[in-house]
Amino acid sequence: MLDLVIKNGTIVDGSGMGRYRADVGVAGGRIGEIGRIRSPARRSIDAEGLIVAPGFIDGHTHMDAQVNWDPAGTCSCWHGVTTVIMGNCGFALAPCPPDQREWFARCLTAVEDIPLEAMLAGIDWKWETFPEYLATVEKLPKALNHGAYIGHSALRMYTMGNRALSEAATDDDIARMTAAVKEAIRAGAMGFSSSHAGTHVTPDDRPVASRIGDWRELEALVGAMADLDAGIFQVGPDISSGPRQRAFLDRLRELALKTGRPVMFGTISTRQGEAPNSYRYQLEFLDRSIAAGARMFGQTTTKSINAIFSLKSYLMFDVLPHWRELRALPLDEQKRRLADPAVRAQLVADETHMKPRDNVFQGGGAATTDPRKPDYDNLFVMRDVDWNDPTVAELAAERGQHPVEVMIDLMLANNDQVFIQPLVNEGREDVLDMLRHPWTLATFSDSGAHVCQEMGSSLQTHLLSYWVRARQAFTLEQAVRMLTFDNAAAWELNDRGLVRAGFAADLVLFDEANVRPGMPTVEADLPGGARRLVQKAEGIAATIVNGQVAFENGVATGASGGQLLKGRGAA
């Protein structure tokens with residue numbers, strides 16, 4: 001008897017080939033039959049009018065901490081995702097000595113905006129080595145599949161202590177790190193990750209440990225994977241300037257060619273280097289690297305990467321004197337004072353003392369100690385998810401008000417009003433250019449990180465609703481392949497990413513005409529009461545993970561069919 005049969009659905013199988021009508025039978029966590037199924041089943045789902053596709057693969061997440069307290073895998077789980085890969089950019093919770101746990105957590109807070117209070121309250125930290133961490137993840141209840149990299153910064157700190165933040169590694173240091181990488185790969189790590197991005201700093205504003213490592217060290221650590229003929233190297237590249245970025249990419253290609261290991265870098269986006277469209281150099285670099293014999297992928301997203309502001313989370317004015325005083329009050333009292341004309345006048349006056357805008361990259365989250373005036377022409381008032389919102393500047397001109405007054409009025413009218421500031425990929429045609437490249441992966445969600453700053457977890461449903469349905473830039477078959485088989489192939493997940501007999505039964509059932517992201521809200525639902533942005537989706541009827549129905553109409557069933565996915569080097 002089958003465990004599950006999905007009847008009457010339209011299969012978009014992940015290969016890119018045309019859709020067809022068929023039933024799908026599941027037994028023992030795998031797809032057993034495809035066709036007109038008459039075998040009995042313990043459960044049947046009628047998928048009439050729905051697309052049946054492979055579960056989506058989210059390859060760039062930071063769920064390393066969240067997996068400890070969130071079996072559902074939010075927010076990825078609401079967007080048809082069945083597999084997440086964590087430990088990107090060198091940031092991980094293992095290996096870690098017991099006396100450094102809080103410091104490691106603080107680093108994740110500094111770089112990835114994962115609240116410290118959530119980690120301290122939500123993690124039962126029983127591991128020290130990376131294999132012990134994987135064993136912990138394997139035992140945890142999970143609705144989604146999780147794979148993990150061993151992270152360079154964590155490994156360097158574990159091996160070298162505080163020297164990792166300032167010194168080159170010695171031969172002995174490198175030998176110990178190389179042994180740890182091999183141990184991690186044999187235990188099931190998907191690979192090894194690192195970062196040389198200038199935005200990645202420690203809590204005391206120093207470069208993270210991976211940025212101190214030189215190319216001799218990287219060659220040894222990636223070479224350790226080459227010795228085992230297993231593992232993927234993922235890196236956040238140096239994007240500080242055109243010449244420096246190009247020198248970094250040239251060395252990266254040499255490393256890929258020397259070791260033969262698959263290399264992933266990104267996110268590929270605008271405003272990296274000296275020109276807004278410098279991403280094109282990276283796309284051309286991919287072409288040259290592939291032609292030379294490297295195995296290389298660029299990670300990108302399906303929309304702009306945004307800083308998100310709201311009354312319930314962060315505002316760009318939060319460090320200004322009168323704003324700071326107001327923002328320390330309960331929400332109802334904030335609103336009462338925001339309605340007071342005298343208070344409003346003072347808050348507007350505070351904004352006039354902010355420094356003029358410049359070309360320094362400023363990300364999301366809390367305003368810096370040296371805040372710049374917002375670019376109101378690039379600050380959007382989010383009204384829906386269709387990428388057609390007005391700017392604050394447009395509304396200010398229309399109403400004859402100061403932009404700050406416009407924002408205050410909007411927040412008073414709606415506690416949940418969200419403002420969107422695109423940081424990169426603000427040009428839609430640029431995003432389309434990246435997505436159409438044959439060696440980019442639509443996968444950069446950062447899910448689990450920047451929890452009150454960004455909301456990339458909806459990239460899958462955004463691709464389906466905007467680029468497929470609204471713009472018709474891709475067929476549904478093409479888009480599903482981008483989210484499934486292309487990612488499965490890149491991460492060497494050889495039994496996932498297709499609706500095929502014998503493959504793992506990771507499936508998503510959705511309404512092609514109505515699938516779309518929902519509006520983000522701010523919720524205090526993390527351990528310790530910490531806040532985060534939450535964004536669900538519409539039009540997804542069911543998500544099935546290893547044959548178990550994990551979500552129905554956006555609601556978790558409580559099933560824990562998720563597995564620890566191990567790389568090909570696992571012993």
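One numbering rule holds for all chains: residues counted from 1, following each sequence as written. Given that this is a predicted model, residues contribute local features only at a pLDDT of at least 70 and side-chain atom pairs are listed and counted only at 80 or more, while totals for whole chains, interfaces and linings are drawn from all residues. To obtain the side-chain values, all non-hydrogen atoms of the structure were included, while hydrogens and water were left out.

J.: Please provide a residue-by-residue account of the packing of helix α8 (residues 242-259) against helix α9 (residues 279-292), values included.
T.: Packed helices, taken two at a time, are described by the angle between their axes plus the distance between the axes. To get an axis, fit a line to the C-alpha atoms, keeping to the stretch in contact for a helix; angles then go from 0 to 180 degrees between the N-to-C directions. Starting at the N terminus, helices and strands are each numbered in turn, a helix being any DSSP run of H or I of at least four residues and a strand any DSSP run of E of at least two. Contact pair α8 / α9: the axes reach a minimum separation of 11 Å and the direction vectors enclose 25 degrees. It follows from the interaxial angle that α8 and α9 lie roughly parallel. The interaxial crossing formed by α8 with α9 has right-handed handedness. Facing α8, whose interface residues are Gln245, Arg246, Leu249, Asp250, Arg253 and Leu257, α9 presents Tyr281, Gln282, Phe285, Arg288, Ser289 and Ala292. Classification used: nonpolar for Ala, Val, Leu, Ile, Met, Phe, Trp, Tyr, Cys and Pro, charged for Asp, Glu, Lys and Arg, polar for all others including Gly. Of the residues contributing to the contact of α8 with α9, the split by class is five nonpolar, three polar and four charged. An angle counts as roughly parallel when it lies under 35 degrees, as roughly antiparallel when it exceeds 145, as roughly perpendicular when it falls between 65 and 115, and as oblique in every other case. Crossing handedness is defined as follows: a turn of the near helix away from the far one that is anticlockwise and smaller than a right angle gives a left-handed crossing, while the clockwise case is right-handed. In what follows, a contact means two residues having at least one pair of non-hydrogen atoms within 4.5 Å.

J.: Before we move on, can you summarise the pattern of salt bridges with the specific residues and values?
T.: By definition here, a salt bridge exists when the distance from a side-chain nitrogen of Lys or Arg to a carboxyl oxygen of Asp or Glu is within 4 Å. Summed over all chains, the structure comprises 40 salt bridges. Arginine 206 is paired through a salt bridge with aspartate 204; the nearest N and O atoms lie 3.1 Å apart. The rule is simple: take the accessible area with a 1.4 Å probe, protein chains only, and divide by the maximum for that residue type; under 20% is buried, over 50% is exposed, in between is partly exposed. Looking at aspartate 204, the relative accessible area reads 45%, which means it is partly exposed. A single salt-bridge network, built from bridges that share partners, covers Asp229, Arg261, Arg295, Glu492 and Arg568.

J.: So, the sheet that holds strand β6 (residues 56-58): which residues are in play, and what are the values?
T.: Whether parallel or antiparallel, the strands of a sheet pair through hydrogen bonds between backbone atoms. Pairing is parallel in the open sheet, where eight strands are placed in the order β6-β8-β9-β10-β11-β12-β13-β17. Across the chains shown, the open sheet's two edge strands, defined by having one partner strand only, are β6 and β17 (440-442). Strand-to-strand, the axes of this sheet are offset by a mean angle of 25 degrees, without reference to chain direction. Two strands qualify as a pair provided DSSP detects at least 2 bridges between them. Taken together, the three bridges between strand β9 (residues 145-151) and strand β10 (residues 191-195) define a ladder with parallel strand orientation. Note that in β10 the partner of glycine 151 across the bridge is serine 193. Its contacts with the sheet put α9 on β12 (263-265), β13 (296-300) and β17, and the angle it makes with β13 is roughly 160 degrees.

J.: Tell me about the nonpolar core, and name the residues and values.
T.: Residues Phe192, Phe233, Leu252, Trp467 and Phe510 are the most contacted members of the largest nonpolar core, which totals 116 residues. Setting aside residues no more than four positions away along its own chain, phenylalanine 510 makes contact with Leu50, Ile51, Ala53, Phe56, Leu464, Leu476, Val480, Val515, Gly539, Ile540 and Ala541. The criterion is simple. A nonpolar core is a set of buried Ala, Val, Leu, Ile, Met, Phe, Trp, Tyr and Cys residues joined through side-chain atoms within 4.5 Å. Tyr314, Leu320, Leu326 and Leu347 belong to the second-largest nonpolar core, a separate cluster that totals 29 residues.

J.: I'd like a rundown of the environment of glycine 223, residues and numbers included.
T.: Considering the arrangement of structural elements, one finds glycine 223 in helix α7 (residues 215-228). Overall, the relative accessible area of 16% leaves glycine 223 in the buried class. It is 9.7 Å that separates the C-alpha atoms of glycine 223 and valine 181, two residues lying 42 residues apart in sequence. Residues within four places of glycine 223 in sequence aside, it is in contact with Leu218 and Thr259.

J.: Summarise the sheet that holds strand β14 (residues 305-310); cite the residues concerned and give the values.
T.: Overall, antiparallel pairing links the three strands, which are arranged β14-β16-β15 in an open sheet. Each edge of the sheet is formed by a strand with only one pairing partner; in this case those strands are β14 and β15 (380-381). Direction of pairing for β14 relative to strand β16 (residues 418-424): antiparallel, over a ladder of six bridges. Looking at β16, one finds that asparagine 306 is bridged to proline 422.

J.: Explain the confidence of the model for the protein to me, and be specific about the residues and the numbers.
T.: The predictor attaches a confidence to each residue, and that confidence, scored 0 to 100, is pLDDT. Considering every residue of the protein, the mean pLDDT works out to 94; 96% of them sit at 70 or more. Of all secondary-structure elements in the protein, the lowest mean pLDDT belongs to helix α1 (residues 101-112), at 87, while strand β5 (residues 51-54) reaches the highest, 99.

J.: Give me the pairing of β9: which residues, what numbers.
T.: Buried residues dominate β9, accounting for seven of its seven residues. Side chains of β9 alternate between two faces, with Asn145, Gly147, Tyr149 and Gly151 and His146, Ala148 and Ile150 buried alike. As defined by bridge partners, strand β8 (residues 81-86) adjoins β9 across four bridges and the pair is classed as parallel. Within the sheet, the bridge partner assigned to valine 84 lies in β9 and is histidine 146.

J.: Any details on the layout of surface pockets? Residues and values, ideally.
T.: A 1.4 Å probe that fits into a set of points on a 1 Å grid over the protein atoms alone but cannot get out defines a cavity; an open set with protein on both sides within 12 Å along at least five of seven lines defines a pocket, and lining residues are those with an atom within 4 Å of a point. Grid points are joined across faces, edges and corners, and a volume is the space filled by probe spheres set on the points. Of the voids in this model, the second largest pocket is the one considered here, and its volume is about 390 Å³. Ser304, Asn306, Trp387, Asp389 and Ile420 are, among the 22 residues lining the second largest pocket, the residues nearest its centre. Only β14 and β16 provide two or more residues apiece to the lining of the second largest pocket. Tallied by class, the residues present in the lining of the second largest pocket amount to 10 nonpolar, seven polar and five charged.

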